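Residue strings, one per chain:
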Amino acid sequence: MKELTSLTHNIFKLYSVFDNKRKYQVFYVLLINIFNGLLEYLTLFAVSLFLSSLSDPKSIIDNTNFLSKLNLNINDDSEVVFYSTLIFSLIILFSSITRIINLWINMKYRTSLITFLQKKSFSKIIQQNYNFHISTNSSDLLTILTTDIEKTNFFIENLQTFITSIFIGLSLIIGLVNLNAKISLLSVLLFFILYTFLGKYTNKSVKIFSKRESKANSEIIKRIIESLGSIRELILSGNQSFVLNKFNNSSDSLRINQGYNAFITTFSRFAFEGIGLLLVAIIGYFVFNDSNNTKSVIALLGTFALGALKLLPTMQSLYRSYSLLYFYEKPLEKVLKILYLPSKIFSGNYRKKTFKESIEINNLYFKFPGSHNHLLKNINLKIFKGEKIGIIGKTGSGKTTLINLIMGLLSPTQGSIKVDKESIFNSNREIRNSWLKNITLVPQEIFIYDSSIYENIAFNINIADINKKEIEKSAKLACAHEFIMKRPYKYDSITGEKGINFSGGQKQRLGIARAIYSDSAVIILDEATSALDQKTENKVIGSLLQIEDKTIISITHRLNTLKDFDRIIELENGTIKKIYRGKELNKANEKL
C-alpha cells in the first residue's frame, strides 16, 4: 500500500508540472482511450453476430436483435449472412482505423510531453545558482537530462498503456458478461486473483531492481566522463585495467538488473496464456454438455474464445505496465526533483546595471553550507570604478572564493557587498542579476566550443549577430590575432573539442579576447595568463590596462604581472594581510 501511495503521489506531482495545454491534452487522450475501449465491446458484438449468422441464421431471423431493428425485411438465410458480414467488416475496419489513430495520438502526445519535460529540466538546471552547481555532481545532472528523462518517457508510456488497458479490459469483460455472466465473472475473478497475488510479490523486487539499475547507470556515466576527461593521465599511468574493472562492474549490474526486471514483468504472459486456453477448453466442454442447441454453442464459444484471447493480453499488459511503473519510478523521482527546483529568471532578461562608482565590501564572512570554518573572515575593501586590482596569496587563502562573492555567484554568510551603494544580495534579485551582466570572468581553464574562432570569442551569440571587426580587434589586443591568421581558415577555423587544436596559452588568449569583446565593465582574471610566457603576458596585461574605464581584478601567482596595477591585496588564511600599491610591490617582491 505504501508503494502504491508513493506511486500515485509521484503521478500527481508529474501532472502538476504540466502547463495548461498539456493538462487539457491529458483529458483529450483519456477520452480517446475510453472510446477505444468501447470499440472492443462492439468488436465482440460483431463477432457474435457474424458467428451466429454462419452457424444458425434462422435464430437471428426469429429473434429480436440488432438486424431486426434496422428494418431490413430479412427473410432469407443468405441475406442474414450478407448483412452480418457487412456489419462485422465495417465494425472491424472502423475499430482497426481507430486503434491506429489512437496509437498515433498517444505517440504524439508522449513525444510532445517528454520534449516539454526535457526542456523544462534543462532550463531549471541552468537557471540555478552557482552554489547548486558546485554542490551537485555534473555526471548526476547528465544522467538526469539523458537516461532518466528517457526512462520518464517509458514511465509515461506505461502509464498510458495501463490506463488504456483498464478501459479495454472493462469493455471486454462487459461484452463477455453479456454472453455468459456466470462463466465470465468466474474467469475474470480467477485471473484477477492470480495477477494480484503475483503483483504483490513482484512489485517490491521491481523497485529494488530499479534502484540498483539507476545507481549503476549513474556510475557508468561518471566512469566515462572521468576516464575521457583524464585520458592523458590514464594512458601515462597505465591503469586502464582499474578503470575497466570499475566500468565492467557497473555495466554488469546495470544489465543484470534490467534482465531481472524484464523476466519478472514478462514471464506471467506465458504462464497465464496456457491457463487461459485450458480454461476456454473446460468452459467449452461444460457449455456443450449443458446446451440443447449445438449451433448456438459454437457461436457462443467462438465469441467467448476471441474475447478471452483478447482479454488475456490486455490483463498481461495491465500487469506488465503496472510493474514497470514501479521500475521507472526512481528515474521519475530524480527528474521531478529537478523540475521542482525553484525557478529563477535569467540574468540576461534583466536590464544591465550601469557601474558608476565602486564595489564596497563590508565585514564579509563566508563558509560553505555544512562547514564550521570560515574561508573568508572580516573582509573590508572598496574597489573604485576603473581601478586595476591584484589579489595574491597562498593556495587556499580564499582568493577565488572572494571573486566569486564579488561577482555575486556566492552569497556571503555575513556582511555585505554593495555596488554603487546598493547591496547585490538583498531580496530584490534584479540588482544581483543586473550586476552579473557587468562582469566577464577569464578562468585558468578556458572553455572552448567545438566551433569557429569567431563563435568562441563571441561566446553564446548567434553567428549572424557577431561583429567580426570587433572580434578581430579584441583578438589583437589579446595577442591572439597572429596565431589565428596562421590557421588555414583563419577566424573561421574550427577549434575542435575543448580546443584540442590549440595550446594552453592560445586558449587563454582566446579567453581574454572573449572578455574584451564582451565589453563588460569589470573583467576578472583568475590565473588567466598562467600558460603564457612572460613577454606575451606583459603584452596582454599591458593591452588590458590601456582600456579606459575598465575595472580589472586579477588573481595571479606571478607578482611581476601586477607591477602596474593600482593596488594588490594579499590574503592569508581568509583575511586581508596587507594592501600594496603597485610600486610598493616591486620592493616587497623578494619577501613575498
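Residues numbered from 1 in each chain as written. Predicted model: local features only at pLDDT ≥ 70, side-chain atom pairs only at ≥ 80, totals over all residues. Heavy atoms only, no water.

Engineer: How should the overall build of the protein be read in this particular structure?
Structural biologist: The number of helices and strands found in the protein is 20 helices and 10 strands. Counting the 592 residues in the protein, one finds 44% classified as buried. Of the contacts formed within the protein by residues at least 6 apart in sequence, a portion of 75% connects residues at least 24 apart. (Helix = DSSP H or I, 4+ residues; strand = E, 2+ residues; numbered from the N terminus. Buried < 20%, exposed > 50% of the residue type's maximum accessible area, 1.4 Å probe, protein only. Contact = heavy atoms within 4.5 Å.)

Engineer: Looking at this structure, I do not really get the pattern of salt bridges. What am I missing?
Structural biologist: Summed over the entire model, instances satisfying the criterion amount to nine salt bridges. The residue D519 makes a salt bridge to K550 at a minimum N-O spacing of 3.3 Å. Of this pair, D519 sits in the loop between α18 (504-518) and β7 (522-526) while K550 sits in the loop between α19 (534-545) and β8 (551-555), placing them 31 residues apart in sequence. A salt bridge links E570 to K577; the nearest nitrogen and oxygen atoms lie 4.0 Å apart. One network of salt bridges, in which partners are shared, links E570, E572 and K577. (Salt bridge = Lys/Arg side-chain N within 4 Å of Asp/Glu carboxyl O.)

Engineer: Honestly, the side chain of D420 in this entry has me stumped. Any pointers?
Structural biologist: Note that D420 resides in the loop between β4 (414-419) and β5 (422-423). Filtering out sequence-adjacent residues up to four positions away, D420 remains in contact with T354, F355, K356, E357 and S358.

Engineer: Please explain the packing of helix α16 (residues 468-477) against α18 as it appears in this structure.
Structural biologist: Pairs of packed helices are described in terms of their axes, by the angle between the two and the distance that separates them. As a packed pair, α16 and α18 sit with axes 8 Å apart at the nearest point and diverge in direction by 130°. Accordingly, the angle class assigned to the pair α16 and α18 is oblique. Both α16 and α18 take part in a crossing whose hand is right-handed. Of the residues in α18, those in contact with E470, I471, S474, A475 and L477 of α16 are A513, I516 and Y517. In terms of residue class, the contact of α16 with α18 is built from six nonpolar, one polar and one charged. (Axes fitted to C-alpha atoms, helices over the stretch in contact; angles between N-to-C directions. Parallel < 35°, antiparallel > 145°, perpendicular 65-115°, else oblique. Left-handed = near helix turned anticlockwise from the far one by under 90°. Nonpolar A, V, L, I, M, F, W, Y, C, P; charged D, E, K, R; others polar.)

Engineer: I keep staring at unusual backbone geometry and nothing clicks. Help me out?
Structural biologist: Apart from glycine, the bulk of residues carry a negative phi angle, and the bulk of peptide bonds sit in the trans form. In the Ramachandran plot, F459 falls in the positive-phi region, its phi being about 60° despite a non-glycine side chain. Mapped onto the fold, F459 is located in the loop between α15 (453-458) and α16. Its relative accessible area of 31% is what places F459 among the partly exposed residues. Even without being glycine, E527 reaches a positive phi, approximately 55°. Secondary-structure assignment places E527 in the loop between β7 and α19.

Engineer: I'm lost on the sheet that holds strand β2 (residues 376-384) in this one. Help?
Structural biologist: Strand pairs in the sheet, formed through backbone hydrogen bonds, run parallel or antiparallel to each other. As summarised here, the arrangement of the four strands in space is β2-β1-β4-β5, forming an open sheet in which the pairing is antiparallel. What marks the edges here is a single partner per strand, and that holds for β2 and β5. Relative to β5, β4 runs antiparallel, the two being bridged by two bridges. Its bridge partner lying in β5, V419 is registered against E422. Packed onto the sheet, helix α13 (residues 399-407) meets β1 (358-366), β2 and β4 and runs at close to 125° relative to β1. (Pairing = 2+ DSSP bridges.)

Engineer: I keep staring at the sheet that holds strand β10 (residues 575-581) and nothing clicks. Help me out?
Structural biologist: Taken in spatial order, the six strands line up as β6-β7-β8-β3-β9-β10 in an open sheet, and their pairing is mixed. What marks the edges here is a single partner per strand, and that holds for β6 (439-442) and β10. Strand-to-strand, the axes of this sheet are offset by a mean angle of 20°, without reference to chain direction. Here β6 pairs with β7 via four bridges, running parallel. Residue pairing in the sheet places L441 in a bridge with I524 of β7. α19 contacts β3 (388-393), β7 and β8 of the sheet and is inclined by roughly 160° relative to β7.

Engineer: Can you walk me through a nonpolar patch on the surface in this structure?
Structural biologist: A cluster of nonpolar side chains, contributed by L31, I34, F35, L38 and F94, occupies part of the molecular surface with about 470 Å² of accessible area. By residue number, the principal contributor to the nonpolar patch is helix α2 (residues 20-55), which donates four residues. Mapping L38 onto the fold places it in helix α2. By relative accessible area, L38 is classed as partly exposed at 48%. (Patch = residues over 30% accessible without salt bridge, like charges linked within 9 Å, V, L, I, M, F, W, Y side chains within 5 Å. Areas by Shrake-Rupley, 256 points an atom, 1.4 Å probe, with all protein chains shown as cover.)

Engineer: I keep staring at helix α14 (residues 429-436) and nothing clicks. Help me out?
Structural biologist: Given 3.6 residues to a turn, an α-helix orients residues that are three or four positions apart in the same direction. Those residues of α14 lying buried are I431, R432, N433, S434 and W435. Taken together, the buried residues of α14 touch β1, α13, β4, β5, β6 and β7.

Engineer: When you look at the side chain of S423 in this model, what are you seeing that I'm missing?
Structural biologist: Within the secondary structure, S423 sits in strand β5. Contacts of S423, omitting those with residues within four sequence positions, involve I417, K418 and I431.

Engineer: Got a minute to help me understand the packing of aromatic side chains in this structure?
Structural biologist: Each pair of aromatic rings is reported with the distance of its centres and the angle of its planes. Using the criterion set out here, one finds 12 aromatic pairs in the structure. Centre to centre, the rings of Y322 and Y326 are 5.2 Å apart; their planes meet at 90°, and the pair counts as edge-to-face. Highlighted residues: Y322 and Y326, both in helix α11 (residues 294-327), separated by four residues, approximately one helical turn. On the basis of relative accessibility, which here comes to 2%, the residue Y326 falls in the buried class. Geometrically, the ring pair formed by F447 and Y449 is edge-to-face, given 5.1 Å between the ring centres and 90° between the ring planes. The exposure class assigned to F447 is partly exposed, which follows from its relative accessible area of 49%. For Y449, a relative accessible area of 27% gives the class partly exposed. Of note, K13 hangs over the ring of Y340, and the distance from its end group to the ring centre comes to 5.0 Å. When the ring centre of F502 is taken as origin, the NZ or CZ atom of R487, which lies over that ring, is 4.0 Å away. (Phe/Tyr/Trp six-rings, centres within 6.5 Å; stacked < 30°, edge-to-face > 60°. Lys NZ or Arg CZ within 6 Å of the ring centre and 35° of its normal.)

Just geometry here; none of it tells us what the structure is for.
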